[in-house]
Amino acid sequence: MTETDLRQNPPTASQSLEWHAGDMPYSVEFGDHFYCRTDGRLECGHVFLSGNRLPARWSAGGTFTIGELGFGTGLNFCETWRQWKEAQVPDGRLHFVSFERFPMRAGEIDRALAHWREIDAERRALVAPWPDAPAGRIDIDFDGVRLTVVCGMALQGVAQTRESFDAWFLDGFAPSRNPDMWSQELMQAVFDKTVKGGTFATYAAAGFVRRNLAAAGFVVERLPGFAGKREMLRGDKP
Ligand SMILES: C[S@@+](CC[C@H](N)C(=O)[O-])C[C@H]1O[C@@H](n2cnc3c(N)ncnc32)[C@H](O)[C@@H]1O
């Protein structure tokens, strides 16, 4: 779905989902799953956490701000929060800010995340305060952790956000199926909102994504992907 499609077809509050194997959401609009079918939680650890050199960087303490393109089911948030708690960061605060065009309903989040017993506590804590009709800017405070979900097109959300980011999870469906989430304009906005020394990581390895990130100013590195995927990308803001 392109920006033009969305302008011509006013966006709905949610996207049409199919459920594969009972608890694996699939977006009909984008023709893609929300995470890898092997194990989305382990993929999050490999791609987004390790790719951004986390949890190691948390040991510096203070507030660490993560930006994410595409909140989806909240799997990345829950797994990151789980690892944050495990890391027991002294005097640390985590702010996880995610940009999402089609926020899911609590029941959908619950259905998807119930797949992983490892994040039972985080799933329950997320679903309980999740609004019935998610819209606008959603701020939820947990113990030492703040979740912000900015509903709307990522490009507008990132360009207008007040936050600066230490790390980015770029998670906007396959680049071939959703090129708007990987556009030069959006990658530039991501770079502009990143602190010096900040990083990004993504499972995407498409040439145009790599070029857009490099043109924005990131020093981009290719690493082995998750579960046999040949490559993923990570990078630093010098
Ligand atoms: C691969 S899924 C994200 C999975 C998610 N991180 C998780 O933990 O479940 C991609 C998400 O990007 C959202 N999305 C697609 N295009 C968007 C856009 N232009 N702006 C903001 N969100 C978008 C979709 O609605 C979907 O939830």
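All values reported here derive from a predicted model rather than from experimental measurement. (Residues numbered from 1 in each chain as written. Predicted model: local features only at pLDDT ≥ 70, side-chain atom pairs only at ≥ 80, totals over all residues.)

Asks: Is there a simple way to explain the packing of helix H4 (residues 106-113) against helix H5 (residues 120-127) in this structure?
Replies: Any two packed helices are characterised by the angle at which their axes cross and by the distance between the axes. Running from N to C, H4 and H5 cross one another at 175°; their axes reach a closest spacing of 10 Å. Taken together, the axes of H4 and H5 lie roughly antiparallel to each other. Facing Ala106, Ile109, Asp110 and Leu113 of H4, the residues of H5 in contact are Arg123, Leu126 and Val127. The class makeup of the residues in the contact of H4 with H5 is five nonpolar, no polar and two charged. (Axes fitted to C-alpha atoms, helices over the stretch in contact; angles between N-to-C directions. Helix = DSSP H or I, 4+ residues; strand = E, 2+ residues; numbered from the N terminus. Parallel < 35°, antiparallel > 145°, perpendicular 65-115°, else oblique. Contact = placed C-beta atoms within 7 Å. Nonpolar A, V, L, I, M, F, W, Y, C, P; charged D, E, K, R; others polar.)

Asks: Help me understand the UniProt feature "domain: MnmC-like methyltransferase" (unreviewed entry) in the chain in this model?
Replies: Here the UniProt feature "domain: MnmC-like methyltransferase" (unreviewed entry) sits at residues 118-237. Structurally, residues 118-237 is divided into 28% helix and 32% strand, and its ends, taken at the C-alpha atoms, are 33 Å apart. (UniProt positions renumbered as here; feature names shortened; annotations may be inferred.)

Asks: Looking at this model, I keep getting lost on the sheet that holds strand E1 (residues 17-20). Mind explaining?
Replies: Taking strand neighbours across the sheet as the criterion, the three strands line up as E1-E2-E3 in an open arrangement whose pairing is antiparallel. Each edge of the open sheet is held by one strand with a lone partner, namely E1 and strand E3 (32-33). Taken together, the two bridges between strand E2 (residues 24-27) and E3 define a ladder with antiparallel strand orientation. Bridging from a neighbouring strand, Tyr26 pairs with His33 of E3. (Pairing = 2+ DSSP bridges.)

Asks: Mind showing me how you'd approach helix H8 (residues 207-216) here?
Replies: Because an α-helix packs 3.6 residues into every turn, residues spaced three or four apart end up facing the same way. Every buried residue of H8 is listed here: Val209, Arg210, Asn212, Leu213 and Ala216. With its buried residues spanning 165° around the axis, H8 presents them on a single face. Among the structural elements, helix H7 (184-192), strand E9 (194-202), strand E10 (219-223) and strand E11 (232-236) are those in contact with the buried residues of H8. Immediately downstream of H8, the backbone of Gly217 shows phi near 130°, a positive value. (Buried ≥ 20, exposed ≤ 12 C-beta atoms within 10 Å, placed from the backbone. Arc of directions from axis to C-beta.)

Asks: Could you clarify how one ought to interpret the packing of H7 against H8 in this entry?
Replies: Orientation of H7 relative to H8, taken along the N-to-C sense of each, is 45°, at an axis distance of 8 Å. In this view, H7 runs oblique relative to H8, as classed from their interaxial angle. When you trace H7 past H8, the crossing you get is right-handed. Residue-level inspection shows Gln184, Met187, Gln188 and Phe191 of H7 in contact with H8, the latter providing Asn212, Leu213, Ala215 and Ala216. Considering only residue class, the contact of H7 with H8 consists of five nonpolar, three polar and no charged. (Left-handed = near helix turned anticlockwise from the far one by under 90°.)

Asks: Explanation requested: the site of the ligand in the structure shown.
Replies: Around the ligand, a shell composed of 22 residues is seen, among which Gly70, Gly72, Leu75, Arg101 and Ala154 lie nearest. Every element with two or more residues in the shell around the ligand is listed here: helix H3 (75-87) and strand E5 (92-100). Of the residues assigned to the shell around the ligand, the class counts are ten nonpolar, eight polar and four charged. (Near = placed C-beta within 6 Å.)

Asks: Sorry if this is basic, but what is going on with the nonpolar core here?
Replies: When a protein is soluble and globular, its nonpolar side chains tend to lie buried together. Counting 58 residues, the largest nonpolar core has Leu186 and Val190 as the members making the most contacts within it. For Val190, the contacting residues outside a window of four places in its chain are Val158, Trp168 and Phe200. (Core = buried A, V, L, I, M, F, W, Y, C linked by C-beta atoms within 7 Å.)

Asks: What's the story with the pairing of E11 in this structure? I'm lost.
Replies: Working note: regular strand, side chains alternate between the two faces of the sheet. Taken across its five residues, E11 has four buried, putting it largely inside the fold. In this structure, E9 lies alongside E11, joined through four bridges in antiparallel fashion. Bridge assignment links Ala201 to a residue of E11, and that residue is Arg234.

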